[in-house]
Structure formats: structure tokens, C-alpha cells
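Letter by letter, the chains look like this.
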Amino acid sequence: MDSLDLLIKNLSKLPGVGKKSASRIAYSLLNSSMGFNETLGLEIMEIQSKIKKCSICGNYSESEICEICASFNRDKSLLCIVEQPQDIQTIESTGDYRGLFHVLGGVLAPLDGIGPEELNLLKLVERVKKENIQEIIIATNPTLEGDSTALYIAHILKDSDISITRIASGLPVGGDFEYADKLSISRAFRGRRELI
Ligand SMILES: [Zn+2]
């Protein structure tokens, strides 16, 4: 296997990149300037050491605390719970939501060995005690695991004095947050319902 085949093989391991796209990218890189390839290579190499997880919410950040948590312009009475840091980006792109976030780092999936201990739940309970949160909006994906995780969170927070809501099922059932369009996300937020 030569270098080009190897690059195509590795690129096709990336999400959303099939063999055909991988081949197009590889040939395009082959024709790119040396400077472009070097910069890209360096960015890929440094991404994991430069980007950490925010110590408050779990969002990706280059500093200890992410921009959203550090901002004075966010509504600190609202906390939206998402599965992954990339979901924050999706919700932020709608421009509708001005509250804070909390990243779980996954959903409960007992068959895959993912229990409550594997998720960022202890910190959530801590935040609920310390911060002045009035509403928690659970925005896990509309899948079986996303729904049962939402119920689990509602259950562990049921004694708090906070309104716990779940976004409406405007998103395609079983679909992924990541691929939903802005309008569907805005609608799902507006149509959220009290969970308990
Ligand atoms: Zn943060």
C-alpha cells in the first residue's frame, strides 16, 4: 500500500467521509501548496493538546472556562443539557437560546456499559446546588437512550425546586441533533414541555 492509499484509508475513517470523498480529499491535498498541508497537519497535531474541556460545563475550550460560562451576557437561570460538545455549536447556531449549557458526554446505554457514573452527572448535581438555575432544558437526542437519560436526570433532580423540561420532538425521531436544521431546533426549544 503506497502513501496515497494509506492516506485515503485513514481519511475514510473520519465521520461522514466515504471512500470516494476520502480519495477526492487526498488528491486535493496532493495538489495543495506545501504551506497549506503543513498548517493543516500542525493544526491536526495540536488540536488535542490545545483544546480542553471547560471545567464547569464540559464544552470544548482553549481556556479553563469556556466563553459561554465566562460570559456576562448569558441568562444564568437557564441550563440546557446536551449529549456532546458539538450539540452546543448546533444550538448556538440558531441564535435563539441565551442560557448556559451542561455536557453529559454521552447517554445512558446499559448494553454498551454506559451507566450514570460514566456521564458528567455529579457536576450537574453540584451546579444545581450552587448556581441559581431556574429551568433545566434537557436536549438529548430523540432516541430511546436520549429519552431514558432525560427521565433519569429528571428523577435525580426531582427534589430540587427547578422546572425540568424536555425539548419537543420536532426533531426527526431517532435522528441526531447534529443534523437537524436551525428551524427544527428553534421549534423544539419553543415547544419544550415540563418533564415532571
Ligand atoms: Zn463552560
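Residues numbered from 1 in each chain as written. Predicted model: local features only at pLDDT ≥ 70, side-chain atom pairs only at ≥ 80, totals over all residues. Heavy atoms only, no water.

(A) Spotlight on the overall build of the chain. Of regular secondary structure, the chain possesses eight helices and seven strands. Principal axes of the C-alpha set define a box for the chain whose edges measure 60 × 35 × 35 Å. Relative to its full complement of 196 residues, the chain shows a buried share of 38%. Intrachain contacts of the chain at a sequence separation of at least 6 include 56% that bridge at least 24 residues. Here the chain displays about 12,200 Å² of accessible surface, and carbon together with sulfur accounts for 55% of that area. (Helix = DSSP H or I, 4+ residues; strand = E, 2+ residues; numbered from the N terminus. Buried < 20%, exposed > 50% of the residue type's maximum accessible area, 1.4 Å probe, protein only. Contact = heavy atoms within 4.5 Å. Areas by Shrake-Rupley, 256 points an atom, 1.4 Å probe, with all protein chains shown as cover.)

(B) Layout of the domain arrangement of the chain. According to the domain assignment, the chain consists of domain 1 (3-50) and domain 2 (53-194). The centre of domain 1, based on its C-alpha atoms, is set 32 Å off from the matching centre of domain 2. (Domains from an automatic or database assignment.)

(C) Just the coordination of the zinc ion, in detail. For the zinc ion, the protein coordination sphere consists of C54 (SG), C57 (SG), C66 (SG) and C69 (SG), at 2.3 Å. One can describe the donor arrangement at the zinc ion as tetrahedral, given that its four donor atoms subtend angles of 105 to 115 degrees at the metal. The motif formed by the donor residues of the zinc ion, counted along the single chain, is C-x2-C-x8-C-x2-C. As far as the burial class goes, C66 and C69 line up, both buried. (Donors = N, O, S within 2.8 Å, 3.2 Å for Na, K, Ca; no water. Tetrahedral: all angles 85-135°; square planar, octahedral: opposite > 155°, others 65-115°.)

(D) The arrangement of the pairing of strand β4 (residues 99-103) in detail. For β4, the buried fraction is high: five of the five residues fall into the buried class. Pairing analysis gives five bridges linking strand β3 (residues 75-82) to β4, with the strands arranged parallel. Considered in β4, the bridge of D75 is made with G99. Once the chain exits β3 it traverses helix α5 (residues 85-92) before rejoining the sheet at β4, and the crossover so formed is right-handed. (Pairing = 2+ DSSP bridges. Right-handed = clockwise from strand over helix to strand, strands pointing away.)

(E) Just the confidence of the model for the chain, in detail. On average, the chain scores 91 in pLDDT, and the residues at 70 or more come to 95%. The secondary-structure element of the chain with the lowest mean pLDDT is helix α8 (residues 182-190), recorded at 82, while β4 shows the highest, at 98. (pLDDT = per-residue confidence, 0-100.)

(F) Representation of the pairing of β3 in the model. Most of β3 sits inside the fold, with six of its eight residues counted as buried. Pairing geometry for β3 and strand β5 (residues 135-138), over four bridges, is parallel. Residue pairing for β5: L79 is matched across the bridge by I136.

(G) Looking closely at the sheet that holds β4. Here we have five strands laid out as an open sheet, ordered β4-β3-β5-β6-β7, and mixed in their pairing. This sheet does not close on itself; its edge strands, each paired only once, are β4 and β7 (193-194). Taken together, the four bridges between β5 and strand β6 (residues 163-166) define a ladder with parallel strand orientation. Its bridge partner being in β6, I138 is matched across the sheet by R166. Where α5 meets the sheet, its contacts fall on β3 and β4, and the angle it forms with β4 comes to roughly 155 degrees. (Axes fitted to C-alpha atoms, helices over the stretch in contact; angles between N-to-C directions.)

(H) Representation of the packing of aromatic side chains in the model. Taken as a whole and judged by the stated rule, the model has two aromatic pairs. Judged by centre distance (5.5 Å) and plane angle (50 degrees), the rings of Y97 and F189 are tilted. Residue Y97 is found in the loop between α5 and β4, and its partner F189 is found in helix α8; the two are separated by 92 residues along the sequence. On the accessibility criterion, Y97 (5% relative accessible area) is buried. In this structure an aromatic cluster arises from ring pairing among Y97, F101 and F189. (Phe/Tyr/Trp six-rings, centres within 6.5 Å; stacked < 30°, edge-to-face > 60°.)

(I) The pattern of salt bridges, seen in detail. Under the defined criterion, the tally for this structure stands at six salt bridges. Across the pair K50 and E46 runs a salt bridge, and its minimum N-O distance is 3.2 Å. On the criterion of helical spacing, the pair formed by K50 and E46 is a turn pair, its members being four residues apart in helix α3 (residues 34-50). K50 sits in the partly exposed class, given a relative accessible area of 44%. Residue E46 is classed as partly exposed on the basis of its relative accessible area of 30%. A salt bridge links R190 to D96; its shortest N-O distance comes to 3.4 Å. One end of the pair, R190, is in helix α8; the other, D96, is in the loop between α5 and β4, and 94 residues separate them in sequence. With relative accessibility at 59%, the residue R190 sits in the exposed group. (Salt bridge = Lys/Arg side-chain N within 4 Å of Asp/Glu carboxyl O.)

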